[in-house]
Amino acid sequence: DYDDFVVRIVQLMQDIPSGINDKVLMNSIPELDTKGRATCINKLLATGKIDLFKAPEGLLYKLKAPSNAINIRGDQEEKVVFKIIETSGNKGIWLRDIRAQSGLLQQQLNKVLKSLEAKKLVKSVKSVNANKKKVYMLYDLEPDNSVTGGTWYSDQDFESEFVEILNQQCHRFLLHREEKASANKSGGPLAVRNGSLVKVSEIASYISELGISKVTLRHEDIDAIMKTLIYDGKAERMSGDGGEAMYRAVKSLVDTPGLVKSPCGVCPVIKDCGERGVITPATCQYLQEWLDF
């Protein structure tokens, strides 16, 4: 009988909500052998209490979060649709996918979604991945950057002017640091190079003090801008103490190729772009506008 071990494993998962692997189980419950662990895990999987994930270190076991679908007021159709949307997380789910998974007719689904939106249980969010299309997610979730485009988008429009201003100001800050380091005559070339290195946090503070951004820029946003400077041949990235990313201004030996100036250089969803799927170069309106220009 492994019931006591099952209870202990559940308690362990509650203490470590990010998930546990077999190594954690072995160290936490050493008296439970391999066969016993497998029996307990299979029992939890069969009862739907845990989820199984693949991780670099092996299989990962997580306690399944209870669905809020059973707590909502409404008919069975609303509960089914709510649960489908709930599982999509903050990336949302397309209308056609909800229809396919729920088996509801379009008219029925529209009625259900309208009711859930009126109760402020779900919301629709315009996606930058497809013009005039929306995804649905739970009402209290903050949409993922792959949906909104993040800092560089406003109402589905790419803020190219904002990106260009940030690009210029970040470069100016690097040049100023380089000039300051070069003015110090006490050190050699190595000292000048090290003195011209700038941390991402320093750049973020400088941009914040300028007051040119209406939103708070994360370090990831500054990193994205610095990458455009690297692609333009205006900056280089180096590793500081502890592997921290640092940047310094450099002089480009050749003119910047035109491709570097394309929208792809600062696109926040480029990792999701490919030959097939929702995001493709062939359907990208920003790339087409750039090519037409």
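A quick note: this is a predicted structure, and the numbers were derived from the prediction, not measured.

Q: Help me understand the overall build of the protein chain, please; the structure alone is not making it clear to me.
A: Helix and strand content of the protein chain: 12 helices and 10 strands. By residue count, 34% of the 293 residues in the protein chain fall in the buried class. Across the protein chain, every contact between residues at least 6 apart in sequence was considered, and the portion connecting residues at least 24 apart equals 53%.

Q: Could you clarify how one ought to interpret the packing of aromatic side chains in this entry?
A: Two aromatic rings, taken as a pair, are described by how far apart their centres are and by the angle between their planes. Counted according to the given criterion, the structure contains two aromatic pairs. When the ring of phenylalanine 173 is compared with that of tyrosine 206, the centres are 4.6 Å apart and the planes differ by 25°; the resulting orientation is stacked. Taken together, the positions of phenylalanine 173 in helix α8 (residues 160–182) and tyrosine 206 in helix α10 (residues 200–210) put the pair 33 residues apart, joining distant regions of the chain. Comparing phenylalanine 173 with tyrosine 206 shows no difference in burial state: the two are buried.

Q: I'm lost on the pattern of salt bridges in this one. Help?
A: Pairing between side chains of opposite charge can happen when their charged atoms approach one another. All told, the structure shown has six salt bridges when counted by the stated rule. As a salt-bridge pair, glutamate 202 and arginine 177 come within 3.1 Å of each other at their nearest N and O atoms. Note that glutamate 202 is positioned in helix α10 and arginine 177 in helix α8, a separation of 25 residues in sequence. The partly exposed category is assigned to glutamate 202, whose relative accessible area is 27%. When its relative accessible area of 18% is taken as the criterion, arginine 177 is described as buried. Two residues, glutamate 236 and arginine 248, come together in a salt bridge whose shortest N-O distance is 2.5 Å. Of the two residues, glutamate 236 sits in strand β9 (residues 235–239) while arginine 248 sits in strand β10 (residues 245–249), which places them 12 residues apart along the sequence. Residue classification places glutamate 236 among the partly exposed residues on the basis of a relative accessible area of 27%. We classify arginine 248 as buried; its relative accessible area is 19%.

Q: Just checking my understanding: could you explain a nonpolar patch on the surface for this structure?
A: A contiguous nonpolar surface patch, about 230 Å² in accessible area, is contributed by Leu45, Leu52 and Leu59. Take leucine 59: its relative accessible area is 38%, and that puts it in the partly exposed class.

Q: What's the story with the packing of helix α4 (residues 76–87) against helix α6 (residues 106–118) in this structure? I'm lost.
A: In a packed pair of helices, the relevant descriptors are the angle between the two axes and the axis-to-axis distance. Where α4 contacts α6, the axes come no closer than 10 Å and their chain directions differ by 75°. Between α4 and α6, the angle falls in the class roughly perpendicular. In contact with Glu77, Glu78, Val81, Phe82 and Ile85 of α4, α6 contributes Gln108, Leu109, Val112, Leu113, Ser115 and Leu116. Residue classes in the contact of α4 with α6 are distributed as seven nonpolar, two polar and two charged.

Q: How should I be thinking about the sheet that holds strand β5 (residues 134–138) in this particular structure?
A: Strand pairing in a sheet relies on backbone hydrogen bonds. The paired strands run either parallel or antiparallel. Taken in spatial order, the three strands make up an open sheet running β3-β5-β4, and their pairing is antiparallel. A strand with exactly one partner marks an edge of an open sheet, and here the two such strands are β3 (93–94) and β4 (122–126). Sheet analysis places β3 next to β5, joined by two bridges and oriented antiparallel. Considered in β5, the bridge of tryptophan 94 is made with valine 135.

Q: What's the story with the pairing of β9 in this structure? I'm lost.
A: Note on strand geometry: in a regular strand, side chains alternate between the two faces of the sheet. The sheet contact formed by β9 and β10 spans five bridges and is antiparallel. Within the sheet, the bridge partner assigned to serine 239 lies in β10 and is alanine 245. Where β9 folds back on β10, the antiparallel hairpin that results is connected by five residues, among which glycine 242 adopts a positive phi of roughly 75°.

Q: Looking at this structure, how should I read the nonpolar core?
A: When a protein is soluble and globular, its nonpolar side chains tend to lie buried together. Within the largest apolar cluster, 26 residues are counted, with the highest numbers of intra-cluster contacts made by Trp152, Leu174, Ile203, Ile207, Ile222 and Met226. Sorting the residues of this core by element identifies α8, α10, α11 (219–231) and β10 as the ones contributing at least two each. Ranked by residue count, the leading element in this core is α8, at six residues. In this view, leucine 174 contacts Val198, Ile203, Met226, Leu229, Ala235, Tyr247, Arg248 and Ala249; residues no more than four positions away in its chain are not counted. The next biggest cluster of nonpolar side chains, apart from the first, holds 15 residues, and it includes Phe5, Leu12, Ile20 and Tyr61.

Q: Please explain the side chain of histidine 171 as it appears in this structure.
A: Mapped onto the elements, histidine 171 comes out in helix α8. Histidine 171 gets classed as buried once you look at its relative accessible area, which sits at 17%. With sequence-adjacent residues up to four places away left out, histidine 171 is seen in contact with Leu229 and Lys234.

What counts as what
- Residues numbered from 1 in each chain as written.
- Predicted model: local features only at pLDDT ≥ 70, side-chain atom pairs only at ≥ 80, totals over all residues.
- Heavy atoms only, no water.
- Helix = DSSP H or I, 4+ residues; strand = E, 2+ residues; numbered from the N terminus.
- Buried < 20%, exposed > 50% of the residue type's maximum accessible area, 1.4 Å probe, protein only.
- Contact = heavy atoms within 4.5 Å.
- Phe/Tyr/Trp six-rings, centres within 6.5 Å; stacked < 30°, edge-to-face > 60°.
- Salt bridge = Lys/Arg side-chain N within 4 Å of Asp/Glu carboxyl O.
- Patch = residues over 30% accessible without salt bridge, like charges linked within 9 Å, V, L, I, M, F, W, Y side chains within 5 Å.
- Areas by Shrake-Rupley, 256 points an atom, 1.4 Å probe, with all protein chains shown as cover.
- Axes fitted to C-alpha atoms, helices over the stretch in contact; angles between N-to-C directions.
- Parallel < 35°, antiparallel > 145°, perpendicular 65-115°, else oblique.
- Nonpolar A, V, L, I, M, F, W, Y, C, P; charged D, E, K, R; others polar.
- Pairing = 2+ DSSP bridges.
- Core = buried A, V, L, I, M, F, W, Y, C linked by side-chain atoms within 4.5 Å.

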